[in-house]
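Structural features, examined
Given next are the chains, with one letter for each unit.
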Amino acid sequence: MTDPDFRSGFVCFVGRPNTGKSTLTNALVGSKIAITSSRPQTTRHTIRGIVHREHAQIILVDTPGLHRPRTLLGQRLNDLVRDTYSEVDAVCVCIPADEKIGPGDRWIVEQVRQVAPRTKLIGIVTKIDKVSKERLAPQLLAVSELLGPDVDVVPVSATSGEQLEVLVDVLASHMEPGPAFYPDGELTDEPEETLMAELIREAALEGLGDELPHSLAVVIEEISEREGRTEKQGELLDVHALLYVERPSQKGIVIGKGGARLREVGTAARSQIEKLLGVKIYLDLHVKVAKDWQRDPKQLGRLGF
């Protein structure tokens, strides 16, 4: 028997870069599935995080941010976003508590209203742990004015967990009654390879110069179980991944002096992937140049865009 009060549906977080969308996704799901680099356009894939509660199941669709595209990749990412907006039950506009509303926020709200006029809007004021109650009140008011009087505005902190359950209840209230889409305990419907590639990409972006983020793609070449391991040693997976950049000079940046940078990336990514999979892995990384891949339809297709 399905519970007649149970609700389920799809929600999408939008906002300028660094407004806390991925951190919020991870906090609600309770596991790291969305990449949280501090660089714009770091999310490349529509990763769905699944929030399980007694009374609801909320599927979070994490899209690349809407931006003014400069390349074919940018255009494809924007098209993906627009399709998503019109298919979800609610679009949540994320605005940090510690930053004034700017033209970027207004542009995003305008775009969402244009491409998905019938989709429910919800305002989320993120990072409330960074401001005092006195500073929070005017920001809530400003967001309410930006989105209109009929739109719910919820203040939250993904880091401290404050108001997260209130947000879940508000989101659930905008869903239709209906059964869960995914089995209990499932956190995302993305293939493990996609998540691994995203975690490697995140690790590579963490310490790199500004010229790289858009020029970096990661492809998992092969995953195999290491043979001949004893029960005491436990399972070990060999993961071979390729990092693609657009120019030879970028290859040098990613590898670093004597390969030091790439080793750091491997160490950081390995520990995240082991957490994700719950097994030990050996991570083998190689960097290749795919000239101007962001502008070449054939190469974009090959790299999964």
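Now for a quick tour of the structure. Treat the numbers as computed from the prediction; the structure is a model and nothing was measured.

Bringing the overall build of the chain into the picture now. Assigned secondary structure in the chain consists of nine helices and ten strands. A total of 305 residues make up the chain; the buried ones form 51% of that total. Contacts in the chain between residues at least 24 apart in sequence constitute 72% of all its contacts with a sequence separation of at least 6. Summing over all exposed atoms, the chain offers an accessible surface of approximately 15,000 Å²; the carbon and sulfur share of this is 49%.

This part covers the pattern of salt bridges. Under the counting rule described, the total for this entry stands at seven salt bridges. Where salt bridges share partners, they join R16, E99 and D105 into one cluster.

This part is about the nonpolar core. Most often, soluble globular proteins keep nonpolar side chains buried together rather than apart. Judged by nonpolar contacts, the single largest core of 28 residues is most densely connected at V14, Y85, V91, V93, V112, L121 and L147. Among the secondary structure elements, those contributing two or more residues to this core are β1 (7-14), β3 (56-62), β4 (90-96), α3 (103-115), β5 (120-126) and α4 (133-147). Sequence-distant contacts of L147, that is, excluding residues within four places in its chain, are made with V93, V109, R113, L121, I122 and G123. Ranked by size, the runner-up nonpolar core spans 27 residues in total, among them A204, V218, L237 and A269.

Although it is not a glycine, K127 sits at a positive phi angle of roughly 60°. As for its placement among the helices and strands, K127 is situated in the loop between β5 and α4. Phi at Q163 is positive, roughly 70°, even though this residue is not glycine. For Q163, the location among the structural elements is in the loop between β6 (153-155) and α5 (164-173).

In this section: the pairing of strand β9 (residues 236-245). The buried fraction of β9 amounts to nine of the ten residues, a majority that puts the element mostly inside the structure. Note: strand β8 (residues 217-225) against β9, eight bridges, orientation antiparallel. Bridging across to β9, V218 finds its partner in L243. The sheet contact formed by β9 and strand β10 (residues 280-289) spans ten bridges and is parallel. Directly across from L242, in β10, lies its bridge partner H286.

The next thing to look at is helix α1 (residues 21-29). Where burial is concerned, most of α1 is hidden: seven out of the nine residues are buried. Once α1 finishes, G30 follows within two positions and takes phi at roughly 85°, a positive value.

What follows covers the packing of α1 against α5. Describing two packed helices takes the angle between their axes plus the distance from one axis to the other. Two numbers describe how α1 lies on α5: the axes approach to 11 Å, and their chain directions differ by 90°. With respect to each other, α1 and α5 are oriented roughly perpendicular. Residue-level contacts link L24, A27 and L28 of α1 to L164, L167 and V168 of α5. Here the residues of the contact of α1 with α5 sort into six nonpolar, no polar and no charged.

Cut-off values and rules
- Residues numbered from 1 in each chain as written.
- Predicted model: local features only at pLDDT ≥ 70, side-chain atom pairs only at ≥ 80, totals over all residues.
- Heavy atoms only, no water.
- Helix = DSSP H or I, 4+ residues; strand = E, 2+ residues; numbered from the N terminus.
- Buried < 20%, exposed > 50% of the residue type's maximum accessible area, 1.4 Å probe, protein only.
- Contact = heavy atoms within 4.5 Å.
- Areas by Shrake-Rupley, 256 points an atom, 1.4 Å probe, with all protein chains shown as cover.
- Salt bridge = Lys/Arg side-chain N within 4 Å of Asp/Glu carboxyl O.
- Core = buried A, V, L, I, M, F, W, Y, C linked by side-chain atoms within 4.5 Å.
- Pairing = 2+ DSSP bridges.
- Axes fitted to C-alpha atoms, helices over the stretch in contact; angles between N-to-C directions.
- Parallel < 35°, antiparallel > 145°, perpendicular 65-115°, else oblique.
- Nonpolar A, V, L, I, M, F, W, Y, C, P; charged D, E, K, R; others polar.

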